Amino acid sequence: MLSKTSLFQNWAKDRIVNLINKESDFKIKIQDIHVDIVNGISLKHALLNDHHQDTLFYGGNLTIGLRQSLISLFSNSLYIKDVEIDSSVFKIISYHSEERNSLNHFLYQIKPKSKSSKSVPFLFFLETISAKSFRYQRVYEESSRYEDYYVGSLEATIEELNTNAGFLRFGKVVLSEPNISVVKKIALRDSVHRNIAIRDTIPSEVVDPDIKCSLPFVVQIKSALIKNGSFAYRNENNAIEHFDTTKLPSMDFNDFQVVDINSSLTGFIYNDLDFFGSMNFFNAKSSSGLTIKNIKINNGAVTSKYVNLQNFIIETDKSILKDTLELKYSKYESYLNFVDAIFINFKSKNSKVAVEDIAQFFSKIADDAFFIKNKDQTFKLSGTVFGKVNSLKIPKLDFEFGDKIKFTGNFASRNLAKFGEEILNIKADKFQSSIKNLQDIFPGFKVPTNLVNIGNFTFRGNFDGYIGDFVSYGKFTTDLGIANTDINLNFRNGNTKATYSGALELVDFELGTIIGIPDLKQVNLKTVLRNGVGLT
């Protein structure tokens, strides 16, 4: 057959090279090509440079198997059975001050110059893709954003590819060693030179016009398996160069890496940086020291406006969260200010959370004295948590903080991440602790030494105000007796300058143990306190 002769193969190679090199300012080189009109095409060491002579595509080995012969091109269709890619690079660059990226520029130059209004839409069919050592790179010069996607191996079956509708559906996808790296360098401001040196100073405002994904397809995947993946992100505009060893380990969302990623997904849908689907399992390790043992989500969504995880389990070495989580925000960048920009709605049943794990996600509290002091503690909770971190509300809360606090009731707060400004509004059905335990937990919580003798206590009532300046109304049942209180106590300026006022009733209370008079045993009294000063 003529198409199998060396004469035809050389003609086909020269035809492709001359077509691109003469019709565009792109340059292509092909070491070897084999064209079989019936069975397919194979290329070896094919290099296509863009209009700035940077790489657009390099194929070490590329094999295209046909379902129908190339004659179908005359009817404006192409039926491909399989594509095999080995040691290849696909690179798209959005050059500074150019409207079209390098791929769009190439397609614009090689498309027919005239088009009939009655032209038949081109039909493209593809069944399977396999790749080894494949790299996709995306560069945005204007914002100095560099994305690198590498796949050790890929096996994928395609059930539907509709280029006109922009829809791609995979049956099964297996990814081995997928590595993603995103680097945001200091934005270039020179309008003339593309390759200028990065400035020594960081601009006060960096605009990223390419934050939105430009992928033209809605992608659906019935099932996907990810093996040994990694993800890294670095924003050189805001990355912290020196780690503060006095802080708890925390994720720097401007500079982090996640490795050893293994996952299984079903019913996955991707549409312009919005993700939907179910996660059967997920495990990974972060550069900040967090180990995720497993994440399982029956039905989830992560979008540029919200996160919704139904019937989920998130398990680390020290924590386990489960039930339902919803986060709301204005854009993905809101995560950089999680404490004040993310609204949380978390329904929990018997979750256990380590203090260290909380600090991993909230860098603003990683150096907070409370979190550092309690870094080895865990707390258990059941209830509904909603609001932002600095304005949380938890009605009908069941809570345990290690073995030091047990609480049942309603909880509301403000400024939890602002040391010294924390405001608590608590209605306790049952609050169990001791003065010593509270001193162990809260930095700066100082009371007269003799009050430690109260021992364990159970409080039912209300607590409103700052930790060191509050109103307490309720009933204390202690190891020494019962105290009914309606007291305003302020010891933020120290015990000697503490002020207090209100009403106090003691029932069968061993007052002598508190005031240092051993012979004074159980007493019963009611008293009104006015303008009291000093706790000694």
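Note that the structure is a prediction, hence the values are computed from the model and not measured.

**A word on the overall build of the protein**
Across its full length, the protein holds seven helices and 23 strands. The buried share of the protein, taken over its 536 residues, is 41%. For the protein, restricting intrachain contacts to residue pairs at least 6 apart in sequence, the fraction spanning at least 24 positions comes to 54%.

**Focus: a nonpolar patch on the surface**
Where nonpolar side chains cluster on the molecular surface, the patch consists of Ile-269, Phe-276 and Tyr-306 and spans about 210 Å² of accessible area. Here Tyr-306 lies in strand E12 (residues 306-316). For Tyr-306, a relative accessible area of 31% corresponds to the partly exposed category.

**Some words on unusual backbone geometry**
For residues that are not glycine, phi is negative in most cases, and the peptide bond is trans in most cases. Not every positive phi belongs to a glycine, and Ser-97 is a case in point at roughly 65 degrees. Its location among the elements puts Ser-97 in the loop between strand E4 (77-94) and helix H2 (102-110). Ser-97 gets classed as exposed once you look at its relative accessible area, which sits at 59%. Notably, Ser-133 is not glycine yet its phi reads approximately 50 degrees, a positive angle. When you line up the elements, Ser-133 lands in strand E5 (residues 123-140). You can call Ser-133 partly exposed: its relative accessible area is 30%.

**Some thoughts on the pattern of salt bridges**
Summed over the entire model, instances satisfying the criterion amount to 15 salt bridges. Of the charged contacts, one joins Glu-236 and Arg-234 as a salt bridge, the two residues approaching to 4.0 Å between their closest N and O atoms. Judged by relative accessible area, which is 21%, Arg-234 ranks as partly exposed. Where Glu-315 meets Lys-293, a salt bridge forms, and the shortest distance between an N and an O atom there is 3.8 Å. Pair noted here: Glu-315 is in strand E12 and Lys-293 is in strand E11 (residues 291-302), with a separation of 22 residues, a long-range link. Assessed through its relative accessible area of 27%, Glu-315 is described here as partly exposed. The structure contains a network of salt bridges with shared partners spanning Glu-159, Glu-160, Arg-169 and Lys-222.

**Concerning the nonpolar core**
Membership of the largest hydrophobic core comes to 96 residues, with the highest contact counts inside it found for Phe-170, Leu-327, Phe-399, Phe-401 and Phe-431. Considering each element in turn, this core owes the most residues, six residues, to strand E9 (residues 255-271). In this structure Phe-170 touches Ala-156, Thr-157, Ile-158, Glu-159, Val-219, Gln-220, Ile-221 and Lys-222, once residues within four positions along its chain are discounted. Formed by eight residues, the second largest nonpolar core is a distinct cluster that contains Ala-483, Leu-506, Leu-511 and Ile-514.

**As for the environment of His-96**
Looking at the secondary structure, you find His-96 in the loop between E4 and H2. Only 3.4 Å separates the side chain of His-96 from the side chain of Ser-97, close enough to count as a polar contact.

**Focus: the packing of aromatic side chains**
Summed over all chains, the structure comprises 21 aromatic pairs. Ring plane angle 25 degrees and centroid distance 5.7 Å describe the contact between Phe-370 and Phe-442, whose orientation is recorded as stacked. In this pair, Phe-370 sits in helix H5 (residues 369-373) while Phe-442 sits in the loop between helix H6 (435-441) and strand E19 (456-466), placing the two residues 72 residues apart along the sequence. Judged by its relative accessible area of 17%, Phe-370 is buried. When the ring of Phe-459 is compared with that of Phe-476, the centres are 4.5 Å apart and the planes differ by 40 degrees; the resulting orientation is tilted. Of this pair, Phe-459 sits in strand E19 while Phe-476 sits in strand E20 (residues 469-478), placing them 17 residues apart in sequence. Among the residues examined, Phe-459 registers a relative accessible area of 4% and is labelled buried. Counting every residue linked through ring pairs, the aromatic cluster contains Phe-370, Phe-371, Phe-379, Phe-399, Phe-401 and Phe-442.

**Points about the environment of Asn-280**
Mapping Asn-280 onto the fold places it in strand E10 (residues 274-286). Put simply, Asn-280 and Thr-266 are 14 residues apart on the chain and 7.4 Å apart in space, counted from C-alpha to C-alpha. Excluding anything up to four places from it in sequence, Asn-280 contacts Ser-264, Leu-265, Thr-266, Ile-295 and Lys-296.

**A short note on the side chain of Thr-316**
Looking at the secondary structure, you find Thr-316 in strand E12. A residue is classified by how much of its surface remains accessible, and Thr-316, at 9% relative accessible area, is buried. At a separation of 3.1 Å, a polar atom in the side chain of Thr-316 contacts the main-chain amide nitrogen of Lys-318. What Thr-316 contacts, discounting residues up to four positions off in sequence, is Leu-290, Thr-291, Ile-292, Lys-293 and Asp-357.

**Structural notes on the pairing of strand E22 (residues 499-510)**
Strand direction decides the pairing type here: strand E21 (residues 481-490) and E22, joined by nine bridges, are antiparallel. Bridging across to E22, Asn-488 finds its partner in Ser-501. Examined bridge by bridge, E22 and strand E23 (residues 522-533) share nine bridges and lie antiparallel to one another. Paired with Glu-505 across the bridge in E23 is Lys-526.

Thresholds, definitions, all that
Every chain begins its residue count from 1, and numbering advances along the sequence as written. Thresholds applied to this predicted model are a pLDDT of at least 70 for local features of residues and 80 or more for the giving and counting of side-chain atom pairs; totals over whole chains, interfaces and linings are not thresholded and use all residues. Just so you know, side-chain values use all the structure's heavy atoms and leave hydrogens and water out. Counting from the N terminus, the helices are DSSP H or I runs at least four residues long and the strands are E runs at least two residues long. Partly exposed describes any residue whose relative accessible area lies between the buried limit of under 20% and the exposed limit of over 50%, with all areas from a 1.4 Å probe on protein chains only and scaled to the type maximum. Note on definitions: a residue-residue contact is assigned when non-hydrogen atoms from the two residues lie within 4.5 Å. Patches were defined on residues exceeding 30% relative accessible area and lacking a salt bridge, with like-charge contacts within 9 Å and nonpolar side-chain contacts (Val, Leu, Ile, Met, Phe, Trp, Tyr) within 5 Å. Note that accessible areas follow from Shrake-Rupley with a 1.4 Å probe, and for residues the cover is restricted to the protein chains shown. Any Lys or Arg side-chain nitrogen found within 4 Å of a carboxyl oxygen on Asp or Glu counts as a salt bridge. As used in this record, nonpolar core signifies buried Ala, Val, Leu, Ile, Met, Phe, Trp, Tyr and Cys residues forming a set joined through side-chain atoms within 4.5 Å. Counted as a polar contact is a pair of N or O atoms within 3.5 Å, where, for protein atoms, one must be capable of donating a hydrogen and the other of accepting one, and residues adjacent in sequence contribute only when both atoms are in side chains. Any two of the Phe, Tyr and Trp rings considered here, Trp counted by its six-membered ring, make a pair once their centres fall within 6.5 Å; the pair's planes then place it as stacked at under 30 degrees, edge-to-face at over 60, or tilted in between. Here, any two strands with at least 2 DSSP bridges between them count as paired.

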